[in-house]
Amino acid sequence: PPDAPRPLAPAAGNLGQIPADAALPRPAPRPAQAAPSAAASADLRREFDGAMNLLSRAQYDQASEAFRKFADTHPEDDRAGAAVYWAGDIAYSVKKNYEEAARDFAELLKNYPKAARAPEGMLKLGLSLIALNQTKEGCAALAALPAKYPDASAAIATRARNERRDNKCR
């Protein structure tokens, strides 16, 4: 059936389910390639900065598309993880599209686990799953955050702890 759930991520410790007709997970980053030329590097910087500019001007749909395009087109770039995070954050914070947000945050954690925003992505993955009534999976993500990201900021660690308490996580 089209609405039958399917695993959010195939890895052990599955953190949720999304409808079977939802978009497939994005491909894993390609292996590292030769460093881009200075011109190509400047073009990538302009492309990412353009997406950030759209975000700063509250042009959320365009910013989300630009971040998604950047991450899909340049998965090996150092900014790809940030692009995936921002696409997920727009889905979570602005659109309240928790299914899209959960997919983006799961992609961030799978493909860019060392990204600067990964701890916040894990927090928002947990919150997205809870918003989708997948409380057990959301609580699991929140509970795993301190072990996976022991250096997460105090604000993120505290929010995860408070959300676990407020959602009566075990």
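Our structure's up above, just so we're on the same page.
This section reports on the structure supplied with the text. Here the residue numbering is sequential within each chain, running from 1 through the sequence in written order. Totals for whole chains, interfaces and linings use all residues, but because this is a predicted model, local features are given only for residues with pLDDT of at least 70 and pairs of side-chain atoms are given and counted only at 80 or more. Only hydrogens and water are set aside when side-chain values are computed; all heavy atoms of the structure are taken into account.

### Concerning the state of the cysteines
In this description, the term disulfide denotes a pair of cysteine sulfurs within 2.5 Å. Tallying each qualifying case throughout the model produces 1 disulfide. One disulfide bridge connects Cys139 with Cys169, the sulfur atoms lying 1.8 Å from each other. Handedness here is read from the sign of the S-S torsion; for Cys139 and Cys169, about -70°, the answer is left-handed. Of this pair, Cys139 sits in helix 6 (residues 135-148) while Cys169 is found in the segment after helix 7 (154-166), placing the two residues 30 residues apart along the sequence. The burial state of Cys139 is the same as that of Cys169; both residues are buried. Counting from the N terminus, the helices are the DSSP runs of H or I reaching at least four residues and the strands are the DSSP runs of E reaching at least two. Here the term buried applies to any residue with accessible area under 20% of the maximum for its type, exposed to any over 50%, and partly exposed to those in between, with areas from a 1.4 Å probe on protein chains only.

### Some remarks on the side chain of Asp89
Tracing the backbone shows Asp89 in helix 3 (residues 80-94). Among the residues examined, Asp89 registers a relative accessible area of 11% and is labelled buried. Here a polar contact is recorded for every N or O atom pair within 3.5 Å, except that within protein the pair must consist of a potential hydrogen donor and a potential acceptor, and residues adjacent in sequence are included only if both atoms are side-chain atoms. Of the polar contacts made by the side chain of Asp89, one reaches the side chain of Lys124; its length is 2.3 Å.

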